[in-house]
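Architecture and fold: a report
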Amino acid sequence: MIPSKKRKLNKKEEEESEEEERIIFESESEEETENKEESEEEEEEEEEGERDEEEEEETIRFESESEEEKEEEEYLWRLSNIERAIKSFSSHSIPEHLHGREEKESEITNYIKERIKTQTSGSMYISGKPGTGKTATIQKIRKDLSLSKVRKCKQFFLNCMELKDKRQIYKEIGKTLELEDVERLDSDVISSALRKRNHMIIIFLDEIDQLMSTKSKSEQQIVFDIFGWTTIPNSHLVVVGIANALDMTEHIPLLDYIKCQPYLIHFQGYEADQISRIIKERLDSSAFTLVEDNAITLASRCIANNSSDVRVVLSILRKAVEDLKTKFEETRKISTVGVMLMNQICTQFLGDPQVNQIKSRTIHEKILLASLCQNQDRKEVVGSQVKKVRLPKNFYFVY
């Protein structure tokens, strides 16, 4: 009996031991499972945190890149506006509207269109100081004539300053008339060719006074020939001469002999308000302010009181905006051309205004000023009243 009981006890102990082991195993398994789940959760949280950080960094980088792109786009936009303004101040840029020259443009256009309509010849002489819009007006008229529906005509434009030999003008006109052997052309050959023409031709000769720089008889003959061709019956020719001299045609008395009287048009110098309007119109291409109104007024008055040469004011504005561009490229900060900068540039281009006033006087006025300088200690000058307004170097002005 006793051995049997022992076996039962041993068996029971073994079962209890196995149960304990099973419980311990299950407990350890649960702990491992929990630990594993906790570890996995921690890993997931870490991964999620890393993803969040990456997404945040990417968002910040994207926003930073977007801001840089926007800044770069704005920089390039402003730079293109400045460059467009610089280009608009080129003296070769012909605007759609010529301020202060509307009447002259209309007068010249009507004269030419009437000649084309009636198929009759004629001549015109346009005079005026440099920079008064003569050439710009003619170029605009030529463009408008090409686009208009007036009867077909041929145009020829030549700047006489480009001629190495003054008699070369016969060759250039011969090319326009499609003549042969242009190297040996003279006035008689061209005259014969003009008698056979059936279509209108308009010859624009800029700086025509260059053909008479010495006023010799041979040079007078060239200008006489050109204007004289318009008196040939059925020549269908219109000659438009452009020059600075007011009285050039008066130095060719033979024109009166052949009853050739060119239609005369004189361009006066620009006034300050006209110059101001020209500047503002060219600045209209810019989307933001580049030149302050006070600076424009200053430049306009300086030129109006000096030479009225609009080409000079265009050069002044071009230089001012170029300086603005250089500063913008260096700092990337936009600024405007103010009065101080404009005054500096005007002084660079024009010099001292009082000295320029003296330089602009005629030779007789300069001689009188020089004599007054020599006689400044005398109390009176015979034949004149002297009002003592002191100029540089002790000059006095005569009223």
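The structure reproduced in this document is the subject of the present report. Since the model is a prediction, treat every value here as computed from it, not as a measurement.

How each quantity is defined
Residues numbered from 1 in each chain as written. Predicted model: local features only at pLDDT ≥ 70, side-chain atom pairs only at ≥ 80, totals over all residues. Heavy atoms only, no water. Helix = DSSP H or I, 4+ residues; strand = E, 2+ residues; numbered from the N terminus. Buried < 20%, exposed > 50% of the residue type's maximum accessible area, 1.4 Å probe, protein only. Contact = heavy atoms within 4.5 Å. Areas by Shrake-Rupley, 256 points an atom, 1.4 Å probe, with all protein chains shown as cover. 1 Å grid on protein atoms, 1.4 Å probe; cavity = no way out; pocket = protein on both sides within 12 Å on 5 of 7 lines; lining within 4 Å. Points joined across faces, edges and corners; volume = space filled by probe spheres on them. Nonpolar A, V, L, I, M, F, W, Y, C, P; charged D, E, K, R; others polar. Axes fitted to C-alpha atoms, helices over the stretch in contact; angles between N-to-C directions. Parallel < 35°, antiparallel > 145°, perpendicular 65-115°, else oblique. Left-handed = near helix turned anticlockwise from the far one by under 90°. Polar contact = N/O pair within 3.5 Å; in protein donor to acceptor, adjacent residues only side chain to side chain. Phe/Tyr/Trp six-rings, centres within 6.5 Å; stacked < 30°, edge-to-face > 60°. Lys NZ or Arg CZ within 6 Å of the ring centre and 35° of its normal.

1. Here we look at the overall build of the chain
On a plain count of helices and strands, the chain comes out with 13 helices and seven strands. Looking at the 399 residues of the chain, the share that counts as buried comes to 35%. Long-range pairs, those at least 24 residues apart, make up 76% of the contacts in the chain with a sequence separation of at least 6. Working note: accessible area of the chain is about 25,800 Å², and carbon and sulfur atoms make up 47% of it.

2. Notes on the layout of surface pockets
For the largest pocket, the calculated volume is near 670 Å³. Taken together, 34 residues line the largest pocket, and the ones lying closest to its centre are Ser91, Gly133, Thr135, Ala136 and Arg311. When contributions to the lining of the largest pocket are tallied by element, the ones reaching two or more residues are helix 3 (134-147), strand 2 (153-159), strand 4 (237-243), helix 8 (272-283) and helix 10 (310-331). No other element matches helix 3, which puts five residues into the lining of the largest pocket. Broken down by class, the residue content of the lining of the largest pocket amounts to 13 nonpolar, 13 polar and eight charged.

3. Quick word on the packing of helix 2 (residues 102-118) against helix 3
Look at helix 2 against helix 3: their axes get within 10 Å of each other, and the N-to-C directions meet at 45°. Here helix 3 runs oblique to helix 2, going by the angle between their axes. Considering how the two elements wind past one another, helix 2 and helix 3 form a crossing that is right-handed. Where helix 2 abuts helix 3, its residues Glu105, Ile108, Thr109, Ile112 and Lys113 lie against Thr137, Ile138, Lys140, Ile141, Asp144 and Leu145. For the contact of helix 2 with helix 3, the class distribution of residues is five nonpolar, two polar and four charged.

4. What about the side chain of serine 88?
Relative to the helices and strands, serine 88 is located in helix 1 (residues 2-88). You can call serine 88 buried: its relative accessible area is 14%.

5. A closer look at the packing of helix 9 (residues 293-306) against helix 11 (residues 339-350)
Following both chains from N to C, one finds helix 9 and helix 11 inclined at 20°, their axes separated by 8 Å at the closest point. The orientation of helix 9 with respect to helix 11, classified from their angle, is roughly parallel. Judged by the sense of rotation from one axis to the other, the crossing of helix 9 with helix 11 is right-handed. Listed contacts from helix 11 to Asn294, Ala295, Leu298, Ala299, Cys302, Ile303 and Asn306 of helix 9 are Val339, Met342, Asn343, Cys346 and Leu350.

6. A look at the environment of tryptophan 229
Considering the arrangement of structural elements, one finds tryptophan 229 in the loop between helix 6 (217-228) and strand 4. A residue is classified by how much of its surface remains accessible, and tryptophan 229, at 1% relative accessible area, is buried. Counting along the chain gives 41 residues from tryptophan 229 to aspartate 188, while the straight-line C-alpha distance between them is 9.8 Å. Tryptophan 229 has contacts with Tyr170, Ile173, Ser187, Ile190, Ser191, Leu194, Ser235 and Leu237, leaving out every residue within four places of it along the chain. Polar side-chain contacts of tryptophan 229 include one of 3.3 Å to the side chain of serine 191.

7. Focus: the packing of aromatic side chains
By the definition in use, this model includes three aromatic pairs. Ring geometry for tyrosine 170 versus tryptophan 229: centroids 6.2 Å apart, planes at 55°, classification tilted. Of this pair, tyrosine 170 sits in helix 4 (residues 168-176) while tryptophan 229 sits in the loop between helix 6 and strand 4, and the two are 59 residues apart along the sequence. Across the pair, exposure class does not vary: tyrosine 170 and tryptophan 229 are buried alike. Taking the ring centre of tyrosine 270 as reference, the NZ or CZ of arginine 101 above it sits at 4.0 Å. Sitting over the ring of tyrosine 75, arginine 332 keeps its end group 3.8 Å from the ring centre.

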